[in-house]
Each structure stands twice: as C-alpha cells, then as structure tokens.
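Commentary on secondary and tertiary structure
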Amino acid sequence: MGQQQSYILGSLGLIPFIAIILLCVISPPDSKVYSLLIFIYIAYAAVISSFLAGIQWGLITSFADKIYYVLIPLSVSVMPPLISWVALLLVEGQKISLSLVLGSFLLISFHDYYLYQQLKITPLWFIRMRLILSIIVIILTSLLFIYTAVSYTHLTLPTNREV
C-alpha cells in the first residue's frame, strides 16, 4: 500500500538536486550565484538527509520491542543529519561540505540496508526505492563534487552579508 505514491514522491524529490546541478553547469564558477547554488544544494541535501533519518528513527522505534538493542540503530540514524548540519556550517569549504553530504547519504544507504537485511523492519519494495533514490543522490553529489573541483578550485559559500 502506498508503493506507487512513494515512488512518485521520492522521484519528485530528485528534481531540486538535478535542477541545481544544471544551474551550476550554466553558471560561471567564479560567480556568487554559483557559490549560492552549491550552498542551496547542500542545504536541500541536509533537509532530505534529516527526513530520511527521521524515517529510520520511526521504523526503529515502531519495532523497538522486536529489536534486541535499539541504542546503536537509533544512534546511527541521527548521525546523517548531524553530518549534513556540519556541512552547512563550513562556510569556506564547499568541497568538504559536499564530501560530508556524500558521506551522509552513504551512511543512510548502508543503514537502510542494515535495517532491511539484519533487523527485518522494512519491506523489500521500500528498501529498493530508498536505495535507488539514495544511489542517484550519491551519484549526483559525486558529479557536482567533481565538477566543482574541476571547474573552480577556490569556491566559498556565501556569507550572510553576501546573500
């Protein structure tokens, strides 16, 4: 139940990732707009990371009576949003921020698989959807990281005074 709607909404969640990357490609890498686009990408990724971790938290707590030890899975589920939050705080390091976002989504993907394979608390269709969408975000973030590294080596995120 809800599989088709979940796939549709999950796929729609990829649109900002794709749109921001396309805008980065057409924007000069030494412009403030480019830096702002990277910041917006990181901010959106942090929001999505928090959303995905919240789903994990909900799954773990709803099956807490069937899980022997919930502290570790719960602790792992809060790490991706914290990692993404740190990525937002690194105003001067877009490459580091993108790396942290990438790490956040990798951790979410591995933890999703753990919740499915080891704890058996997610249905197969759900883990397939989550892994497909997360892998797409990981690929997109990797491409943006590479493009940013190749196109301009001294990018910084805009400060509050510049926005």
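Everything in this summary refers to the structure shown in the same document. Keep in mind it's a predicted model, so treat the numbers as computed, not measured. (Residues numbered from 1 in each chain as written. Predicted model: local features only at pLDDT ≥ 70, side-chain atom pairs only at ≥ 80, totals over all residues. Heavy atoms only, no water.)

**What about the packing of aromatic side chains?**
Scanning the model with the defined rule gives six aromatic pairs in all. Seen from their ring centres, Phe 17 and Tyr 44 are 4.8 Å apart, and the 65° between their planes marks the pair as edge-to-face. Note that Phe 17 is positioned in helix α2 (residues 15-26) and Tyr 44 in helix α3 (residues 32-62), a separation of 27 residues in sequence. On the accessibility criterion, Phe 17 (1% relative accessible area) is buried. Each residue in the set Phe 17, Tyr 41, Tyr 44 and Phe 105 is aromatic and connected to the rest through ring pairs, giving one cluster. (Phe/Tyr/Trp six-rings, centres within 6.5 Å; stacked < 30°, edge-to-face > 60°. Helix = DSSP H or I, 4+ residues; strand = E, 2+ residues; numbered from the N terminus. Buried < 20%, exposed > 50% of the residue type's maximum accessible area, 1.4 Å probe, protein only.)

**Some points on the packing of α2 against α3**
Viewed as axis vectors pointing N to C, α2 and α3 meet at an angle of 165°, and their least axial separation amounts to 9 Å. As far as their axial angle goes, α3 and α2 are roughly antiparallel. You can see that α2 and α3 cross each other, and the crossing is left-handed. Between α2 and α3, the contacting residues are Pro 16, Phe 17, Ile 20, Ile 21, Leu 23 and Cys 24 on the first element and Tyr 34, Leu 37, Ile 38, Ile 40, Tyr 41, Tyr 44, Ala 45 and Ile 48 on the second. Looking at the contact of α2 with α3 residue by residue, the class counts come to 14 nonpolar, no polar and no charged. (Axes fitted to C-alpha atoms, helices over the stretch in contact; angles between N-to-C directions. Parallel < 35°, antiparallel > 145°, perpendicular 65-115°, else oblique. Left-handed = near helix turned anticlockwise from the far one by under 90°. Contact = heavy atoms within 4.5 Å. Nonpolar A, V, L, I, M, F, W, Y, C, P; charged D, E, K, R; others polar.)

**Some details on the pattern of salt bridges**
It is possible for side chains bearing opposite charge to pair when their charged atoms get close. Per the stated rule, a full pass over the model turns up one salt bridge. Here Asp 112 and Arg 130 are joined by a salt bridge, their closest N and O atoms 3.0 Å apart. Taken together, the positions of Asp 112 in helix α5 (residues 94-117) and Arg 130 in helix α6 (residues 124-151) put the pair 18 residues apart, joining distant regions of the chain. When its relative accessible area of 4% is taken as the criterion, Asp 112 is described as buried. Of the residues examined, Arg 130 reaches a relative accessible area of 4% and is grouped as buried. (Salt bridge = Lys/Arg side-chain N within 4 Å of Asp/Glu carboxyl O.)

**Quick notes on a nonpolar patch on the surface**
Together, Trp 57, Val 78, Met 79, Leu 82, Trp 85, Val 86, Leu 89, Leu 90 and Ile 96 line one region of the surface with nonpolar side chains, adding up to about 820 Å² of accessible area. Within the element layout of this structure, Trp 57 appears in helix α3. Residue Trp 57 is classed as partly exposed on the basis of its relative accessible area of 40%. (Patch = residues over 30% accessible without salt bridge, like charges linked within 9 Å, V, L, I, M, F, W, Y side chains within 5 Å. Areas by Shrake-Rupley, 256 points an atom, 1.4 Å probe, with all protein chains shown as cover.)

**A short note on the environment of Val 78**
You can see Val 78 is positioned in helix α4 (residues 71-89). With 57 residues separating them along the chain, Val 78 and Ile 135 place their C-alpha atoms 20 Å apart.

**Focus: the side chain of Ser 84**
Residue position: Ser 84 is located in helix α4. For Ser 84, a relative accessible area of 0% puts it in the buried group. Dropping the residues within four chain positions of it, Ser 84 is found in contact with Ala 45, Ala 46, Ser 49 and Ser 104.

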